[in-house]
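# Descriptive structure summary
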Amino acid sequence: INAEYGEEERTYSAFAGYAFTVNYIIGVGVLSMPHAFYVGGWLLGLIALVLVTLISIITALWIVEASSRAQVLGKHDEQSQPLTIQDEKYDFVLRTKYEVNQLCGIFLGSWGNIVYTILLSLYIYTALWSYRSVLHATNCTLNWTSKCTDAYLLYMGIYAVIVIPISCLELTEQVILQICLTTLRYIALTLMIITTSINMATQPLFNGQKGPPYIAFSKEFKFGGFAQLFPAVVFSQLLHHSVPGTIHPVRNKARLKGMFLAAFNSTFTFYAILGLLGSLYYGCHIDDVATLNWLHYSGGNSKHTPWWAYIIRYIIILFPVIDVISAFPLSGITLGNSFFENLPGRITKDGTSRFVKILCRLMAVIPPLLLGSFIRKLSTVLEIAGTIGYFIAFIVPALLQWRSQVIAKRKLHTSDTQFSTHFSHKIYTWIVLVLALVAAVYNFTEIIITNVTKQHPEPCI
């Protein structure tokens, strides 16, 4: 239920906002983290994760700042006589929801809106595509029917029946569901960490392995794998396209900084521990979808698998299904809302606007359900999504921060908001822009070279 439909607007607590933020961030990226740490080296992986997490927090807050400036500038422009800083103490509290494509239209012009919407469409279609790739890998590994294809089509049909209706709901109508899914995520990830730690101390991965601890991989740096590592890490910490939808229903906007810090710290902790343990223990045997390494988990008993080990095994193996049931609709809502906001006002403001918004969301979620039939390898999909993610997570927020500050200073004589931090200074904007552009060009070049030369991964010995 939303005020734009003529009904009372619903809100939620900062804790609910934290749950939504975590569910936006922890998509299939967490499942690829051990593999990413392996292909890039465990220390390089950790350094990349620290850097990306720090920048992601900063750029997420830049979007919050740009939203608050857009609200005050809109109020300023509506006045018959332009206000000055002496006339009014500007209230930079978020009351109006601006999707990121709307912010691009305000601060970067109509072309900024168009380019961002195209990039967002490519990114989210690729992200949703990756969710289907994970389902394919999980279902074909379980193979509960005679043929992998039969199982895949069966579970994809069930999956579509679940996620499409959820994608048509507003975020405030999903609070209990998303909190429950956050809890299930944490349970599965904790089990993965605990069981890997125990195996590293007690269970050699192959005969003749020295230990304990049993470590199959110990390279700190593998710069040849950076082109796979960095996009995967960027993809795993990306929610910037969904920041407006997440923060708007939060009742106490003063808690937004703490909400984002808590969410990113939580995801960083799980990613770092799981990436390190998974890459060190499994080495080259780690799967693209890390949960598949638990297919034969036996609780350390090689002769007889106890009942509790079966429970742990299937909680972990089925974790991707829970993961994508949560993440798929959230991404679909973001893209559908962006489509909706680009429609003419006469369509979005009349009594059929809810129906039109649902149609926009269906346009967002149905194509990826069909697209996943072509490429199903998760690392390939994430390499593409992560490269586009440089623009969504770093370049666009930096441009919005720069332009919104310039315009606010010119019209309001101040650009500071209640969400501003030390990292709001323009020097950080240019640092992020330069780093992101260099990384995007490098990764795009690597994708082309890899596909033209048909490079093969190093053999697992």
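Residues numbered from 1 in each chain as written. Predicted model: local features only at pLDDT ≥ 70, side-chain atom pairs only at ≥ 80, totals over all residues. Heavy atoms only, no water.

## Description of the overall build of the protein chain
A tally of regular secondary structure across the protein chain gives 15 helices and zero strands. Partitioning the intrachain contacts of the protein chain with sequence separation of at least 6 by distance along the chain shows that 85% fall at a separation of at least 24. Surface accessibility of the protein chain: about 19,800 Å² in total, with carbon and sulfur atoms responsible for 65%. (Helix = DSSP H or I, 4+ residues; strand = E, 2+ residues; numbered from the N terminus. Contact = heavy atoms within 4.5 Å. Areas by Shrake-Rupley, 256 points an atom, 1.4 Å probe, with all protein chains shown as cover.)

## Digging into the confidence of the model for the protein chain
Looking at the protein chain, the pLDDT average stands at 81 and 82% of residues meet or exceed 70. The lowest-confidence element of the protein chain is helix H12 (residues 345–348), averaging 67 in pLDDT; the highest-confidence one is helix H9 (residues 256–282), averaging 93. In the model, residues 1–8 has pLDDT below 50 throughout and makes 17 contacts with residues more than four positions away in sequence or in other chains. (pLDDT = per-residue confidence, 0-100.)

## Concerning the packing of aromatic side chains
In the structure shown here, the tally under the stated rule is 13 aromatic pairs. Their ring planes at 55 degrees and their centres at 5.9 Å tell us that Tyr123 and Phe235 sit as a pair that is tilted. Of the two residues, Tyr123 sits in helix H4 (residues 100–142) while Phe235 sits in helix H7 (residues 226–236), which places them 112 residues apart along the sequence. Among the aromatic side chains, those forming a connected cluster through ring pairs are Phe226, Phe230, Tyr390, Phe394 and Tyr442. Seen from the ring of Tyr38, Lys222 lies directly overhead, with NZ or CZ sitting 3.9 Å from the centre. (Phe/Tyr/Trp six-rings, centres within 6.5 Å; stacked < 30°, edge-to-face > 60°. Lys NZ or Arg CZ within 6 Å of the ring centre and 35° of its normal.)

## Considering the packing of helix H1 (residues 14–25) against H9
Two elements in contact, H1 and H9, have axes whose closest approach is 9 Å; the angle formed by their N-to-C orientations is 40 degrees. Between H1 and H9, the angle falls in the class oblique. Crossing geometry of H1 relative to H9 is assigned as right-handed. Across the interface between the two elements, Ala14, Gly17, Tyr18, Thr21, Val22 and Ile25 of H1 pack against Met259, Phe260, Ala262, Ala263, Phe264, Ser266, Thr267 and Tyr271 of H9. (Axes fitted to C-alpha atoms, helices over the stretch in contact; angles between N-to-C directions. Parallel < 35°, antiparallel > 145°, perpendicular 65-115°, else oblique. Left-handed = near helix turned anticlockwise from the far one by under 90°.)

## Some remarks on the nonpolar core
Ranked by size, the top nonpolar core spans 129 residues in total, and within it Tyr123, Phe260 and Phe394 carry the most contacts. The element best represented in this core is helix H3 (residues 42–78), accounting for 16 residues. Setting aside chain neighbours within four positions, we find Phe260 in contact with Thr21, Leu61, Val64, Leu239, Val243 and Ile247. (Core = buried A, V, L, I, M, F, W, Y, C linked by side-chain atoms within 4.5 Å. Buried < 20%, exposed > 50% of the residue type's maximum accessible area, 1.4 Å probe, protein only.)

## A short note on the packing of helix H6 (residues 175–202) against helix H11 (residues 319–341)
Here H6 crosses H11 at 145 degrees, and the two axes come no closer than 10 Å. The handedness of the crossing between H6 and H11 comes out as left-handed. Across from Gln178, Leu181, Leu184, Arg185, Ala188 and Leu189 in H6, the residues of H11 making contact are Phe319, Ile322, Asp323, Ser326, Ala327 and Leu330. Considering only residue class, the contact of H6 with H11 consists of eight nonpolar, two polar and two charged. (Nonpolar A, V, L, I, M, F, W, Y, C, P; charged D, E, K, R; others polar.)

## Some remarks on the pattern of salt bridges
A full pass over the atoms with the stated rule returns three salt bridges. Note that Glu65 is salt-bridged to Arg69, the shortest N-O span being 2.7 Å. With Glu65 and Arg69 both in helix H3 and four residues apart, this pair spans about one turn of that helix. Note on accessibility: Glu65 and Arg69 belong to one class, buried. Two residues, Arg361 and Glu170, come together in a salt bridge whose shortest N-O distance is 3.3 Å. With Arg361 in helix H13 (residues 353–371) and Glu170 in the loop between helix H5 (148–167) and H6, this pair connects stretches of sequence that are 191 residues apart. Take Arg361 and Glu170: they sit in the same class, and that class is buried. (Salt bridge = Lys/Arg side-chain N within 4 Å of Asp/Glu carboxyl O.)

## Quick look at helix H10 (residues 307–317)
Those residues of H10 that sit buried are Ala309, Ile312, Arg313, Ile316 and Ile317. Buried residues of H10, seen end-on, are gathered within an arc of 125 degrees and therefore sit on one face of the element. (Arc of directions from axis to C-beta.)

## Digging into a nonpolar patch on the surface
Nonpolar side chains collect at one region of the surface, where Leu184, Ile187, Trp307, Trp308, Ile311 and Ile315 lie side by side and expose about 590 Å² of accessible area between them. Elements represented by at least two residues in the nonpolar patch include exactly H6 and H10. Looking at which element gives the most residues to the nonpolar patch, the answer is H10, with four residues. Relative to the elements of secondary structure, Ile311 occurs in helix H10. (Patch = residues over 30% accessible without salt bridge, like charges linked within 9 Å, V, L, I, M, F, W, Y side chains within 5 Å.)

## Concerning the environment of Arg403
Positionally, Arg403 belongs in helix H14 (residues 378–412). Under the relative-accessibility criterion, Arg403 is labelled partly exposed at 24%. Those residues in contact with Arg403 that lie beyond four places of it in its chain are Phe107 and Leu108. Of the polar contacts made by the side chain of Arg403, one reaches the backbone oxygen of Phe107; its length is 3.5 Å. (Polar contact = N/O pair within 3.5 Å; in protein donor to acceptor, adjacent residues only side chain to side chain.)

## Thoughts on the side chain of Lys222
Residue placement: Lys222 occurs in the loop between H6 and H7. Looking at Lys222, its side chain comes within polar contact range of the main-chain oxygen of Tyr38, at 3.1 Å.

## A few points about the side chain of Thr117
If you trace the backbone, Thr117 turns up in helix H4. At 2.8 Å, the side chain of Thr117 and the backbone oxygen of Asn113 are in polar contact. Thr117 has contacts with Asn101 and Asn342, leaving out every residue within four places of it along the chain.

## Considering unusual backbone geometry
Residue His413 is not a glycine yet carries a positive backbone phi of 70 degrees. By the element assignment, His413 lies in the loop between H14 and helix H15 (426–453). Since its relative accessible area comes to 53%, His413 is described here as exposed.

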